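Descriptive structure summary
Residues per chain, in single letters:
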Number of protein chains: 2
Amino acid sequence: MTHASDESFVAKTQKEITLFSHINALLGWDKEIYLPHAGHDERSDQEALMSRLSHEQLTSPALQKAVKRLLAHKTTPHQRAILERLEKDIQKAQKLPPSFVESLSKATGQAYSVWVKARKQKNFKVFAPALEKVIALKQKQSDYMHLKGHVYNGVLDDFEEGMTVKQLDPVFDSIKDELIPLIHLIESSPAYRQKKIKIEMNEESQKRVGDVFIKRLLDPQRSRLDLSIHPFTNTSGLHDVRITTSYERGFEFSFYSTIHEAGHALYELQMPQKFANTAAHNDPSTGLHESQSRFWENMAGKRESFLKFYQPMIQREIKRKISLTDLHRAFNQVERGLIRIQADEVHYPLHVIIRYEIEKGLLDGSIQVKDLPREWNDRYEKYIGVRPKNDTQGVLQDVHWSIGAIGYFPTYVIGTVYSAQLWNQIESDMKNIDSLLQKGNYTPIKKWLEKNVHQYGRTMSADQIIQKATGEGLNAKPFLHYLTNKYAQLYGE
Amino acid sequence: MTHASDESFVAKTQKEITLFSHINALLGWDKEIYLPHAGHDERSDQEALMSRLSHEQLTSPALQKAVKRLLAHKTTPHQRAILERLEKDIQKAQKLPPSFVESLSKATGQAYSVWVKARKQKNFKVFAPALEKVIALKQKQSDYMHLKGHVYNGVLDDFEEGMTVKQLDPVFDSIKDELIPLIHLIESSPAYRQKKIKIEMNEESQKRVGDVFIKRLLDPQRSRLDLSIHPFTNTSGLHDVRITTSYERGFEFSFYSTIHEAGHALYELQMPQKFANTAAHNDPSTGLHESQSRFWENMAGKRESFLKFYQPMIQREIKRKISLTDLHRAFNQVERGLIRIQADEVHYPLHVIIRYEIEKGLLDGSIQVKDLPREWNDRYEKYIGVRPKNDTQGVLQDVHWSIGAIGYFPTYVIGTVYSAQLWNQIESDMKNIDSLLQKGNYTPIKKWLEKNVHQYGRTMSADQIIQKATGEGLNAKPFLHYLTNKYAQLYGE
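Residues numbered from 1 in each chain as written. Chains lettered and ligands numbered in written order. Predicted model: local features only at pLDDT ≥ 70, side-chain atom pairs only at ≥ 80, totals over all residues. Heavy atoms only, no water.

**What about the overall build of chain A?**
Let me state the cut-off plainly: A helix here means a DSSP run of H or I that spans at least four residues, while a strand means a run of E at least two residues long, and both kinds are numbered starting from the N terminus. To get the radius of gyration, use the C-alpha atoms; to get the globule rule, take the number of residues to the power 0.38 and multiply by 2.2 Å. Only protein chains enter the accessibility calculation, which uses a 1.4 Å probe; a residue whose area is less than 20% of its type maximum is buried, one above 50% is exposed, and one in between is partly exposed. Residues are treated as being in contact if the distance between any of their heavy atoms lies within 4.5 Å. Per-residue accessibility takes into account occlusion by the displayed protein chains alone, with areas from the Shrake-Rupley method and a 1.4 Å probe. Charge assignment in this entry is limited to Lys and Arg as positive and Asp and Glu as negative, and neither His nor the chain termini are counted. We put the charge of a Lys on NZ, of an Arg on CZ, of an Asp on CG and of a Glu on CD.
Within chain A one finds 20 helices and 3 strands. Over its C-alpha trace chain A gives a radius of gyration of 23 Å, about what one expects of a compact globule, namely 23 Å for 493 residues. Here the C-alpha coordinates of chain A stretch approximately 75 × 50 × 45 Å along the principal axes. Put simply, chain A has 493 residues, and 59% of those count as buried. Nonlocal contacts in chain A, meaning residues at least 24 apart in sequence, comprise 72% of its contacts between residues at least 6 apart. A total of about 21300 Å² of accessible surface is found on chain A, and carbon and sulfur atoms cover 52% of it. Taken together, the 67 basic and 61 acidic charged side chains of chain A have centroids lying 2 Å from each other.

Encoded structure:
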């Protein structure tokens, strides 16, 4: 094999892997939104075929050898970054035997349908045996990964490469330790007992306001918006990034889910084209991706200056005046609740930390599946002061475990923490950020994110990128500082 | 290789080919309806990858050998029918060298964009050089196919396997010879000069009426309706058949395009499950598929008895009374025109025959590309009595040639002719067909079509299926008889 033919073979293979992944994304997008009911079985076969072909390409000995040969030569730093990333992916993909991947896929396929049934019956016991199988396989997966430290590291790595329990525990503990008293403080304030402000809008109005934001953030030639029950972002092509929202749950939900998903989409769209069709054209971690959605949804989207730009439109749609203070309050209300996806900014991390603690326990054997409802409910009572009346409101509320996504939950808080670190930095880099937000001018902010986060693709770990951007790795202080300040203002004297 | 392992290998390969084809269908469906503008380039790559992988499977020596070995053994007639169909497909696929397929795909990709440009400029000369390349490649394709008779047979075979110019010419000539005088007769009648009846409805009303038909014809668990500029039917899974319509052009367009596409979809949905995931699970020809859409659109859908069922709904939506006679007239009006897809039932075949004559001439060299506007316009003047004012109204109106679909046009008339033959037969088999239509009860008709057409999948040629169903192959007489009778009634004294 000549150097040139190795190069073109590796490029062609990476391109095909990209195409498989984008086709699979479209199959998934369609499944969530349009697929007729009876089409689901074959759709699973279609998705499995794309995954298998992609995996075969990635783990082929020919690819591995060609990459090795190329890396032994002199390369540009750009080429080396891509090749090293690809080699890591190959090694990681080889760790799991195909037979194991197949059993996991079967077990989670089954567990998902059992979970749906258990939810309907509001009975965790229906789900428990299937979940036990999934947990056993996840422990096995962690063994195959062969990482140092806590057994949980081996599943966390699927979503947050390089992150460890040792690094996460103190961060999550500090969040728990500060948020619980902060919530008590908020709840004891007179403002907390005031009537909640609700902004009600019909679907057309919701769409008009949401579309203004999208138009200012995303290139309409490369993106689109659809409706689905659960909002999501989907990348079906380098220039084909799709988000969804739902107008059925009212303006606050549709507006902030749109902003959230658009934040994800912006990251996908600003992924550097020089990495197109290579292993480096991707995010390094789920948490870093989440930081981009949280950046726009919370750090920018819940500020007064941001809302000032939308105030006239909102007034027009609801056909009455609303003060900026009231608008700001409306979207920053704190309230206890049982459901993670309905939680406010202050409660949200506690919902996630409960799941993180339980997942670790399930993996290291200190928590048994059969005890989950009690473990769950006790923590909800202790951390949030509410106790689910049934399992569907409690331990059965999220799909993640049923589909084998164990290790995913912490990325929600990692992303939130990163987003506050990034906001801290952008505020000090860009003194006029509030005046930009007031004008709905997001271009300089998009450029800042591109330069400080998006441009690296997957050539560094999430923590390295955050370190480079802000001077330190995962650190909860900016997030806690932001919450304390903001809610002191909102709920203080 | 054991017999059992050959069997499972052949089954697995056919299943994968099916999956590739359905995935490709979804990629195409999405491209027509939802794909963001900038996503088109990569979408072509995605489609090309699916086609290539499918072609590689179909033409692999391993498959061919396994099929041969299986056919040498004793098999059930069912297995034999599938294997023989598969073997034919393999042989056909091997006739075209991959390098030729690639040049054709490049040439048509280019020709399509040039066609779009030429249409905008209303100038055929812009398109001519690209079309010349396509024609040259199509002549070459015909050489590779190596079929007997007229060079056109080699491209017709792509769409209408086994059909020949020798069989088509007399049928098309007889249609031309009868329709031109029939139109003159219609045009000289007093009824022709009466005011045209137009049924106007808003989009919601159009949707309500169209949905009633769909609900009665198609299983909602296995199908769906979307909107697109040009209506089409798409099979993205054995249980996932999608049709589209458009409400922008008014009720007549949306209603009849819905009925037309639903007819296609019914065929797809009634394809026998015993052939699922094999080469036999498909239509034998584009014309036979078209016969299923025309059967519902024209033969059933334009009858008084059919319309009687929809009359109350239509009256409710337009908020006025309309007599059944007027309703029947409204959807059976005859008018000269330049545009094929806007043509009425009587003019439609003439539009197609013009294209068929020109295609044959282009392939055998008796017509030059540069002369196309004149060849086209002269025929329109002679057969239909209208002359295009510019090329966009004329020779540039259809996409087919630009995408290399030469040999496709005749299938529209073949399907129409078949549909009249089938109607003739069902009327004699089922004496109460008008009373069924009046009640909107399509179940017995669906069963008749399943038994007489759909059940064979692709195990016989279209002409064999029609012969078995009606006692004779392609025959224009029932169609001409039907038109003459119907329009004598509508436009007679």
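**Quick word on the sheet that holds strand β3 (residues 240–245) of chain A**
Residue and element names in this part refer to chain A. Where we set the bar: We treat two strands as partners when DSSP finds at least two bridges between them. Note on geometry: axes are lines fitted to C-alpha atoms, helical ones only across the stretch in contact, with angles between N-to-C directions running from 0 to 180 degrees.
In space, the 3 strands of this open sheet follow the order β1-β3-β2, with mixed pairing throughout. Sheet topology places β1 (223–227) and β2 (233–237) at the edges, where each strand pairs with a single neighbour. For this sheet, the mean angle separating the axes of adjacent strands, direction not counted, is 25°. Where β2 and β3 come together, 4 bridges link them in antiparallel fashion. Considered in β3, the bridge of T233 is made with I243. Seen against the sheet, helix α1 (residues 3–33) touches β1, β2 and β3 and runs at an angle of roughly 135° to β2.

**Brief notes about the pairing of strand β3 (residues 240–245) of chain B**
All names here are of chain B. Where burial is concerned, most of β3 is hidden: 6 out of the 6 residues are buried. Every second residue of β3 is oriented toward a common face, with D240, R242 and T244 on one face and V241, I243 and T245 on the other, all of them buried. Pairing analysis gives 5 bridges linking strand β1 (residues 223–227) to β3, with the strands arranged parallel. Residue S223 lies in a different strand from β3, and its bridge partner there is V241. In this antiparallel pair of consecutive strands, strand β2 (residues 233–237) and β3, the connection spans 2 residues.

**Looking at helix α12 (residues 304–318) of chain A**
Because the α-helix completes a turn every 3.6 residues, residues three or four places apart line up on one side. All names here are of chain A. Note the following rule: The angle between axes fitted to the seven residues ending at a residue and the seven residues starting there is what we call the bend at that residue.
Maximal helix bending in α12 amounts to about 45°, located at Y310; proline P312 follows within four positions. Along α12, 11 of the 15 residues are buried, which leaves the element largely enclosed by surrounding structure. The set of residues buried in α12 consists of S305, F306, L307, F309, Y310, Q311, M313, I314, Q315, E317 and I318. Among the structural elements, α9 (203–217), α10 (251–270), α11 (286–300), α13 (324–330) and α17 (433–438) are those in contact with the buried residues of α12. Backbone geometry just after α12 places K319 at a positive phi near 55°.

**Notes on the interface of chain A and chain B**
The cut-off we apply is this: What counts as buried area is the accessible surface, traced by a 1.4 Å probe, that two parts surrender upon association, with contributions from both included. One side-chain nitrogen of Lys or Arg within 4 Å of one carboxyl oxygen of Asp or Glu is enough to make a salt bridge. Whenever a nitrogen or oxygen atom comes within 3.5 Å of another N or O atom, the pair is scored as a polar contact, on the condition that within protein one atom can donate a hydrogen and the other can accept it, and that pairs from neighbouring residues in sequence are kept only if both atoms are in side chains.
Across the boundary between the two partners, chain A contributes 35 residues, which contact 35 residues of chain B. Regarding the contact of chain A and chain B, the summed buried area is about 2800 Å², with carbon and sulfur atoms giving 62% of it. Our count for the chain A to chain B interface comes out at 8 salt bridges. Ionic pairing is found between D30 of chain B and R242 of chain A, a salt bridge with its closest N-O pair at 2.7 Å. Taken together, the links from chain A to chain B amount to 20 residue pairs in polar contact (both at pLDDT 80 or more).

**A closer look at unusual backbone geometry**
Located in the positive-phi region is N277 of chain A, a residue other than glycine, with phi close to 60°. By secondary structure assignment, the location of N277 of chain A is in the loop between α10 and α11. The class of N277 of chain A is buried, set by a relative accessible area of 18%. The backbone of H146 of chain B shows a phi angle near 60°, a positive value even though the residue is not glycine. Tracing the chain through its elements places H146 of chain B in the loop between α6 (124–145) and α7 (153–156). Overall, the relative accessible area of 70% leaves H146 of chain B in the exposed class.

**Here's the deal with the packing of helix α8 (residues 165–187) of chain B against helix α16 (residues 409–429) of chain B**
Residues and elements named next belong to chain B. Going by this rule: Our angle categories are set so that under 35 degrees counts as roughly parallel, over 145 as roughly antiparallel, 65 to 115 as roughly perpendicular, and the remainder as oblique. Throughout this entry, Asp, Glu, Lys and Arg are counted as charged residues, while Ala, Val, Leu, Ile, Met, Phe, Trp, Tyr, Cys and Pro are counted as nonpolar. The remaining residues, Gly among them, count as polar.
Where α8 contacts α16, the axes come no closer than 12 Å and their chain directions differ by 75°. Classified by the angle their axes make, α8 and α16 are roughly perpendicular. Taken together, the residues of α16 that come into contact with α8 (itself represented by L168, F172 and I175) are P410, V413, I414 and V417. Of the residues belonging to the contact of α8 with α16, the class tally is 7 nonpolar, no polar and no charged.

Take it as geometry only, folks, not as evidence of what the structure does.
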